[in-house]
Every structure is written in C-alpha cells, then in structure tokens.
Amino acid sequence: MKDIVEKLEARRAGARAGGGERRIEAQHKRGKLTARERIELLMDRESFEEFDMFVEHRSNDFGMEKTKIAGDGVVTGWGTVNGRTVFVFAKDFTVFGGSLSETHAQKITKIQDMAMRARAPIIGLFDAGGARIQEGVASLGGYGEVFKRNVIASGVIPQISVIMGPCAGGDVYSPAMTDFIFMVRDTSYMFVTGPDVVKTVTNEIVTAEQLGGASVHATKSSIADGAYDNDVECLLQMRRLLDFLPANFSAGVPEWPSFDNTEREEPSLDTLVPDNPNKPYDIKELILKVADEGDFFELSETFARNIVVGFGRIAGRTVGFVANQPMVLAGVLDSDASRKAARFVRFCDAFGIPIVTFVDVPGFLPGTAQEYGGLIKHGAKLLFAYSQASVPLVTVITRKAFGGAYDVMASKHIGGDVNYAWPTAQIAVMGAKGAVEIIFRSDLGDPDKIAARTREYEERFLSPFIAAERGYIDDVIMPRATRPRIARALAMLRGKTVEMPGRKHDNLPV
Ligand code: HXC
C-alpha cells in the first residue's frame, strides 16, 4: 500500500510540474500564471477537484511517443466559487504550448458533459497554440466535439471564456460560441490566422497585438466583453461575474444578502437631467444609484459606449441593466449599440434575468455608413430580442424616446411590463426642430412663425403625458423614487409567465 501511495504522490507531483521548471519560469516571466495557479485564484480555497490528471496523448507520430506529459496540456475539474459549483478547464501552455490533441479534447468534452448534467456554469481559461500539429485530423475532430457541445449548452448553462495567452486557429471558435469572452491586456491575443499568414496572404504587416490584442477585441471588434490588466485581476473579476449568474436557465437568479434598503430614495436624481435637452449627463450615475450598494458589473464597456449594459442587483437579486448613454453620441442607437444590447438582452432572457431599461435615445443614427453597414438588420436584432423576451421588463424613460428607438427600447408595445417616465421625458416621433421643419415647411421663411410652431410642438408632444394618456406609460414618477418603484415592480413580476406559440426556433435577423 505504501508503495502505491508513494507512486501516486510521485505521479501527482509529475503532473503538477506540467512542462517543467524552465517553461513555468518562462510563463511567469511573461507576466502569466500557470494553469493551476489560475484555477487556484478562480476557485474557493481548496475546493478544486481535478479530473484526468494522468491522461496522456496517444500519438506516435513525429517522435511524440517519447514525450508524454501527464495531463496533456489542459487542467480540468470542478470546484466552487463563493460556494456555488463551477466547472473549469485551463489550457496549460507549458505542455506542448497548450495545444489540443485528441485526448486533450476528450478531457474538455468530459467536463462540458458533466457541467451539462450538473446544470452548472463552465469556464474555460485559454492560453494555447491551437491544434496539436503532430496529431493532424485527430485534433480537428477534437475541436469539432468541443464546438458541438458549446452549441448544445448554449442557453442551458452559462459558458465563459477567458483568454490569458495566445488563442489562435481552432481555439478561437469555442470561445466565440460561449456567452462571454474576457481578455488580459498585453499578454493575450485572439485571431483565426496569425501575423505570418496575414503577411503571406494579404501583404499586411501587423503585430499580434494589432491583429487580435485586447485593445482590438474589447473596443473595435466587440469579440471580447471586457479586458483586465493582469491574470489576478481578471480571475477575481470572473468570481464577481459568476456571483451574478444563475447556475442554469431554470435555476432562477442567485439571491445574496443585501444591506441596501429597496425603499431608498435618491433626491440627487431629481436634478440628474439638465434643463437644456441637448446637454448630456452620465446614465451610469442612475444605474449606480439604483443598483444595490452601487455594485454594477459592466460588459463591453469600451465598445459602443452609446449604450451601457451589465449586471447589478435589486433586493439582492440579479437584474440586467440596459441604458442609452447621453454622454456618447447623445445616446443614439447605431448598429454596434444595437448588436451589443441585443446580445445582452438575449443572454438575460435565456437565463431568466429581469431587465431594467433606462431610455434616453434621440433615434437611430442616420447616414450612409450606418445604412450600408446594415443598420436595419442590426437595429432589428435589438427589437427582436426585446420583443421575444419573456423575463420581467421594467422600463424608465428619463428624457428622449424618439421615433423607432422609442418602440425598440422595451416599450409597452413590444412587451414592457411596467413602463415609467420621469417628468422630463419627451416621447415623440422626433425632436421639435426636425418635426416643425417637415410639417410646417411653408413657414420656413418666417422665423417667428417657426419659433411659435416649435413651442407648440414642444408643449403638445415633448412631455410624458400624451403617452401616459394612452396608457403607454403606466405612471410618471419622480426620479428620486426610481429605485423603490423598480424594486416593487420586480417583486410584483416575480411569477411572470408568458406563453409563446410552438415552433422549432425563431429566425433572429443574424
Ligand atoms: C504542438 C505546439 C503548438 C502546436 C506551440 N507548441 N504550438 N506544439 N502544436 N500547435 C509548442 C512549441 O513547439 C513549444 O514547445 C511550446 O509549445 C511553446 O511554443 P513557442 O513557439 O516556443 O512559444 P511562443 O514563442 O510563445 O509562441 C506561441 C505561439 C507559437 C504563437 C502559439 O507556438 C505558434 O505559432 N504555434 C503554432 C500555432 C498554430 O499554427 N497552430 C495551429 C493552428 S491551426 P517546446 O517543447 O519548445 O516548449 C488550427 C486549426 C484548427 O488550430 C481548426 C479547427 C476548426
């Protein structure tokens, strides 16, 4: 028995050493942690149970039979994050560059299957060189097995991908089919083909960072939902994110103790909207003052900043916030903002997270760039997502709600359950100036007449009352009372159920 135990300990120590001292040192020198160090930071202390530590590859090509390393380049298992079960796989760059072999893929798919059976979230930490080159098609097959499971799990359990080193070739598509991608600045990059291939095919000369660094994916391409300065910060933020997420689509949102009174009023909100309708204000101030303890986990913070999305809590329970941001492009809806918000609304709806929408939107962004870029289809994504949502929808119009954008932003007509407006709300087809120039074109030569018409239009339409008279707005509320009113609406909507007609699946304008 003693012999066996010693042998076991020796084999465990061998597996834990990964690719060896030299490669671990190289990993640290690059500012990166090892796979096991990352898991330790992500999971609750001593909660991680590793699977398949002794798995080795079965390749005999290119002399591979002489180099077998226990674990085969990926550490897999499960543990807890603040007491809740989470499955994890972490690519070990020190072992064959974290590349994916047939057995490496089998370790990942085992964890994916277990996460699905346990109906618990799965998180993948990526730091790898793509397909195991020595294994050829067996590696490609392995990727396919992972991809298929990503799709089957979509909308059943939350799937998170964290890019903490290279992520290229086959490795990019699994993250792309998960719910969220996060990156670490300066040490991670993601692309389908690297700078060398780019140069050969297109003659473009780019660095890995310029092609697929966090600065690209968190701001330009929208592939990444966030970027952090280093591994430690990134993993701690992942723990924070997991606290907001339900375990699966039917588990309901987690409920944490809250010390923030739901009846708390915020008098400062009464003066948040400036008197001048063209002056911006920061919608995040409203979110922070409404959310429990001002705790807001923002997603895609540096992409399409004209709309703000992220998770907060009210009465200790997760809600998704969607808000136009008047500070950026006056909060207009363009293609990027529509796509960003649509994806977030769909995530919330898939996992039963109620959505709180703050509206201050002057309309859709005009221009050839937008139209050529498919604004109609991208705007329709957000319209579709809200119209389809069966989770509680609480909407507050703080200022402008103009044109089609009024309909899109969780209006009563497309399924808003409780729709409030602040006294400063303006709900109309368009702003007064544009409206008067169209309907009173013949008066354009007479500034006095135009001024009178504009005043008349403003009085008649630029208030919340026309919409309230029709019941499109349930009540006009004081800004200070926004948190209590939303909290009460959400409590009332806890049992919300919506029947949809049977079908195979919808046809979202992708
Ligand atoms: C086998 C690999 C490997 C791979 C790296 N290694 N990538 N082994 N298969 N794909 C090994 C290296 O041989 C080396 O082993 C160790 O990992 C570290 O690699 P280095 O090159 O020394 O590190 P670095 O300089 O940091 O460069 C990292 C890298 C580079 C940029 C990821 O290794 C690289 O370009 N790798 C190949 C990437 C690639 O083309 N992958 C295939 C993509 S095609 P030693 O023993 O020296 O430590 C693909 C198709 C799938 O994925 C499509 C499915 C849909």
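Below you will find a few notes about this structure. (Residues numbered from 1 in each chain as written. Predicted model: local features only at pLDDT ≥ 70, side-chain atom pairs only at ≥ 80, totals over all residues. Heavy atoms only, no water.)

**Things to note about the overall build of the protein chain**
For step 1, the next point in the chain: In terms of helices and strands, the protein chain carries 19 helices and 16 strands.
For step 2, the next point in the chain: For the protein chain, the C-alpha radius of gyration of 26 Å lies close to 24 Å, the compact-globule estimate for 510 residues.
For step 3, the next point in the chain: Expressed as a percentage of its 510 residues, the buried residues of the protein chain come to 52%.
For step 4, the next point in the chain: The long-range share in the protein chain, meaning contacts at least 24 apart out of those at least 6 apart in sequence, stands at 73%.
For step 5, the next point in the chain: Accessible surface for the protein chain amounts to roughly 23300 Å². Of this, 54% is attributable to carbon and sulfur atoms. (Helix = DSSP H or I, 4+ residues; strand = E, 2+ residues; numbered from the N terminus. Rg over C-alpha atoms; globule rule 2.2 N^0.38 Å. Buried < 20%, exposed > 50% of the residue type's maximum accessible area, 1.4 Å probe, protein only. Contact = heavy atoms within 4.5 Å. Areas by Shrake-Rupley, 256 points an atom, 1.4 Å probe, with all protein chains shown as cover.)

**Here's the deal with the packing of aromatic side chains**
In this description, an aromatic ring pair is defined by two values, namely the gap between the centres and the angle between the planes.
For step 1, the next point in the chain: Taken as a whole, this structure holds 15 aromatic pairs when the rule is applied.
For step 2, the next point in the chain: Both rings, one in Phe296 and one in Phe321, keep their centres 6.1 Å apart while their planes meet at 80°; by these two values the pair is edge-to-face. In this pair, Phe296 is assigned in the loop between α11 (283–290) and β9 (297–299) and Phe321 in strand β11 (residues 317–324), connecting sequence segments 25 residues apart.
For step 3, the next point in the chain: For Phe321, a relative accessible area of 0% puts it in the buried group.
For step 4, the next point in the chain: Between the aromatic rings of Phe311 and Phe347, the centroid separation amounts to 6.0 Å while the plane-to-plane angle is 65°, which identifies the pairing as edge-to-face. With Phe311 in strand β10 (residues 307–314) and Phe347 in helix α12 (residues 335–350), this residue pair connects regions lying 36 residues apart in the sequence. (Phe/Tyr/Trp six-rings, centres within 6.5 Å; stacked < 30°, edge-to-face > 60°.)

**Quick notes on the site of the ligand**
For step 1, the next point in the chain: Near the ligand you find 19 residues, and of these Arg23, Arg30, Gly129, Ala131 and Gly170 are the closest.
For step 2, the next point in the chain: One of the side-chain nitrogen or oxygen atoms of Arg23 is found 2.6 Å away from an oxygen atom of the ligand.
For step 3, the next point in the chain: At 2.8 Å from a nitrogen atom of the ligand is found a main-chain nitrogen or oxygen belonging to Ala131.
For step 4, the next point in the chain: In the complex, the protein chains occlude 53% of the 1000 Å² of accessible area that the ligand would expose alone.
For step 5, the next point in the chain: The element contributing the most residues to the shell around the ligand is helix α5 (residues 137–153), with 3 residues.
For step 6, the next point in the chain: The residue makeup of the shell around the ligand, split by class, is 9 nonpolar, 7 polar and 3 charged. (Near = heavy atom within 4 Å. Polar contact = N/O pair within 3.5 Å; in protein donor to acceptor, adjacent residues only side chain to side chain. Nonpolar A, V, L, I, M, F, W, Y, C, P; charged D, E, K, R; others polar.)

**Things to note about empty space enclosed by the protein**
For step 1, the next point in the chain: The full count for this structure, using the stated rule, is 5 cavities of 30 Å³ or more.
For step 2, the next point in the chain: The computed volume of the largest cavity comes to approximately 70 Å³.
For step 3, the next point in the chain: What lines the largest cavity is simply Phe89, Gln112, Ile122, Ile123, Gly124, Phe126, Asn150, Gln159, Ile160, Ser161, Ser174 and Thr178.
For step 4, the next point in the chain: The set of elements that each furnish at least two residues to the lining of the largest cavity consists of β4 (122–128) and β5 (159–168).
For step 5, the next point in the chain: Residue contributions to the lining of the largest cavity peak at 4 residues, all from β4.
For step 6, the next point in the chain: Its residues assigned to classes, the lining of the largest cavity comprises 5 nonpolar, 7 polar and no charged. (1 Å grid on protein atoms, 1.4 Å probe; cavity = no way out; pocket = protein on both sides within 12 Å on 5 of 7 lines; lining within 4 Å. Points joined across faces, edges and corners; volume = space filled by probe spheres on them.)

**A closer look at the pattern of salt bridges**
For step 1, the next point in the chain: Per the stated rule, a full pass over the model turns up 33 salt bridges.
For step 2, the next point in the chain: A salt bridge links Lys110 to Asp52; its shortest N-O distance comes to 2.8 Å. With Lys110 in helix α4 (residues 102–118) and Asp52 in the loop between β1 (49–51) and β2 (74–81), this pair connects stretches of sequence that are 58 residues apart.
For step 3, the next point in the chain: The partly exposed category is assigned to Lys110, whose relative accessible area is 36%.
For step 4, the next point in the chain: Across the pair Asp113 and Arg149 runs a salt bridge, and its minimum N-O distance is 2.9 Å. Of this pair, Asp113 sits in helix α4 while Arg149 is found in helix α5, placing the two residues 36 residues apart along the sequence.
For step 5, the next point in the chain: The exposure class assigned to Asp113 is partly exposed, which follows from its relative accessible area of 28%. (Salt bridge = Lys/Arg side-chain N within 4 Å of Asp/Glu carboxyl O.)

**So, the pairing of β11**
For step 1, the next point in the chain: Most of β11 sits inside the fold, with 7 of its 8 residues counted as buried.
For step 2, the next point in the chain: As paired elements, β10 and β11 share 8 bridges and run antiparallel to each other. Note on β11: the bridge partner recorded for Val308 is Ala323.
For step 3, the next point in the chain: The hairpin turn running from β10 into β11, its antiparallel successor, is 2 residues long, and Ala315 in that turn takes a positive phi close to 55°.
For step 4, the next point in the chain: For β11 and strand β12 (residues 355–361), the ladder comprises 4 bridges, and the chain directions are parallel. Residue Ala323 lies in a different strand from β12, and its bridge partner there is Phe358.
For step 5, the next point in the chain: As for the winding sense of the linkage, the β-α-β connection from β11 through α12 to β12 is right-handed. (Pairing = 2+ DSSP bridges. Right-handed = clockwise from strand over helix to strand, strands pointing away.)

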